Amino acid sequence: MAVTGSQSAHSAHPADVPFIDLVAQHATIASEIHEAVDRVFASQSFILGENVTRFEEKAAAYCDSRDAIGCASGTDALILALMALDIGPGDEVITSAFTFFATASTIHRVGARPVFVDIDPVSMNLDPAKVEQAITPKTRAILPVHLFGQCADMEPLWRIAVRHGISLVEDAAQAIGAEYQGRRAGVLGEIGCFSFFPTKNLGGAGDGGMLSTDDHDLSRRLRRLRVHGDQGGYRHAEIGLNSRLDSLQAAVLEVKLAHLESWTEARRANARRYENLFTHYGLTDLVTVPRELPGHRHVYNQFTIRVKDGRRDALLASLKRDSIGAAIYYPI
Ligand SMILES: *Cc1c(COP(=O)(O)O)cnc(C)c1O
């Protein structure tokens, strides 16, 4: 179950704690956003172009990645990553059993078979020890998810991938800015997949996504795949998608990216505050708060607590009564 109130309250009742308050966040950057949007309209350049290139460069720098490639959504980022690795019918991809629908649906979408592996109950991320057991001759990739904003245990996963000659792709949709052993989400595998869905830590004004990679060939392939496989001059080398990041989205995201570090630090401070309060009020028997593991930087896309067996629904109802935003992640 996730409890937030990530930014300051902006609601009718002063005691209300909304689940997420994007209105309050927008109020702090409205004039910057309007100027950026006006510039895009003045240019009348809406598809890719310099706004997208500039954002890609800044986002790559933020993720410590050699390259970043904008696309239409986090879901498309996952599809494009699998396509760039030539994963398709007859192939298996190992992924987490505990994630948003798109992680597994995209594996199926490219014709491959998702193989679910259970999570570690503390990190809530893919358990590397169980991954090894799920490898078959058909396994082509491991697709861990950095759930709720904390990276999966990537080093053992990387070792397994290298040992078996398979790929490692990160579903980093919830984890922009998260770190593992000093390196950022998105450069811990061959390709990182990000989402700019409005409620993600870096959220656009609509759908958007991005891929990160240090591999020059993969980067070229991804850039081609997002424009119908066009390698220039209407010469289509392969069948790709129409999956581009809009210039308007890039302009909005560029403004917000400049604030991401301070927003992330605010999330982390709020998480520590919750942690202290749960301890202070002696609630740690009833709930388990998320733990930032050694060597990790958690970016708390959700502050997700575990509730003692049988008590969850009553707690959820009581939070609702007190107008404190909370939801079950994930109900199914
Ligand atoms: C949000 C999310 C996605 C999909 O991103 P969209 O931009 O909504 O398509 C994929 N995986 C995870 C774990 C997500 O949280």
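Described in the following lines is the structure provided in the data block. Quick caveat, the model's predicted, so the values are computed rather than measured.

### A look at the sheet that holds strand β10 (residues 209-213)
Pairing in this open sheet of seven strands is mixed, and the strands run β2-β10-β9-β6-β5-β3-β4 from one edge to the other. In the strand order of this sheet, the two ends are held by β2 (67-71) and β4 (113-117), each with one partner. Taking the axes of each pair of neighbouring strands and ignoring which way they run, one obtains an average angle of 25° across the sheet. Against the sheet, helix α4 (residues 74-84) engages β2, β3 (92-96), β5 (139-143), β6 (167-171), β9 (191-195) and β10, with an angle of about 160° to β9. Against the sheet, helix α7 (residues 154-164) makes contact with β5 and β6, and its axis sits at roughly 150° relative to β6, the strand it touches most.

### Examining the site of the ligand
Residues in close proximity to the ligand total 15 residues, the closest being G74, T75, D171, S195 and K200. Within the contact set of the ligand, an oxygen atom lies 2.5 Å away from a side-chain nitrogen or oxygen of T75. Within the side chain of K200, one N or O atom sits 3.0 Å away from an oxygen atom of the ligand. Relative to its unbound accessible surface of 380 Å², the ligand loses 92% to contact with the protein. Of all the cavities here, the one that holds the ligand is the second largest pocket. Looking at the shell around the ligand, the elements that each hand over two or more residues are α4 and α5 (101-109). In terms of residue class, the shell around the ligand is built from five nonpolar, eight polar and two charged.

### A word on the pattern of salt bridges
Tallying each qualifying case throughout the model produces 20 salt bridges. Here D67 ties to R223 by a salt bridge, and the two come within 3.1 Å at their closest N and O atoms. Note that D67 is positioned in strand β2 and R223 in helix α8 (residues 216-225), a separation of 156 residues in sequence. Relative accessible area serves as the criterion here: at 27%, R223 is assigned to the partly exposed category. Where R312 meets D313, a salt bridge forms, and the shortest distance between an N and an O atom there is 3.2 Å. For R312, a relative accessible area of 36% gives the class partly exposed. The structure contains a network of salt bridges with shared partners spanning E179, R184, E261, E265, R268, E292 and R297.

### Side note on the layout of surface pockets
A water-sized probe, rolled over the atoms, reveals where empty space remains. Taken as a whole, the second largest pocket holds about 490 Å³ of empty space. As for the second largest pocket, its lining consists of 26 residues, of which F100, Q174, F197, T199 and K200 are closest to the centre. In terms of residues, the lining of the second largest pocket owes the most to one element, α4, which gives three residues. Tallied by class, residues from the lining of the second largest pocket come to nine nonpolar, 13 polar and four charged.

### Focus: the packing of α4 against α8
Where α4 meets α8, the closest approach of the two axes is 10 Å, and the angle between their N-to-C directions is 125°. By the angle between their directions, the pair α4 and α8 is classed as oblique. Considering the relative orientation of α4 and α8, their crossing is right-handed. Together, L80, A81, M83 and A84 of α4 and L218, R221, L222 and L225 of α8 make up the contact between the two elements.

The rules behind each value
Residues numbered from 1 in each chain as written. Predicted model: local features only at pLDDT ≥ 70, side-chain atom pairs only at ≥ 80, totals over all residues. Heavy atoms only, no water. Pairing = 2+ DSSP bridges. Helix = DSSP H or I, 4+ residues; strand = E, 2+ residues; numbered from the N terminus. Axes fitted to C-alpha atoms, helices over the stretch in contact; angles between N-to-C directions. Contact = heavy atoms within 4.5 Å. Near = heavy atom within 4 Å. Polar contact = N/O pair within 3.5 Å; in protein donor to acceptor, adjacent residues only side chain to side chain. Areas by Shrake-Rupley, 256 points an atom, 1.4 Å probe, with all protein chains shown as cover. 1 Å grid on protein atoms, 1.4 Å probe; cavity = no way out; pocket = protein on both sides within 12 Å on 5 of 7 lines; lining within 4 Å. Sits in = over half its atoms within 2 Å of the grid points. Nonpolar A, V, L, I, M, F, W, Y, C, P; charged D, E, K, R; others polar. Salt bridge = Lys/Arg side-chain N within 4 Å of Asp/Glu carboxyl O. Buried < 20%, exposed > 50% of the residue type's maximum accessible area, 1.4 Å probe, protein only. Points joined across faces, edges and corners; volume = space filled by probe spheres on them. Parallel < 35°, antiparallel > 145°, perpendicular 65-115°, else oblique. Left-handed = near helix turned anticlockwise from the far one by under 90°.

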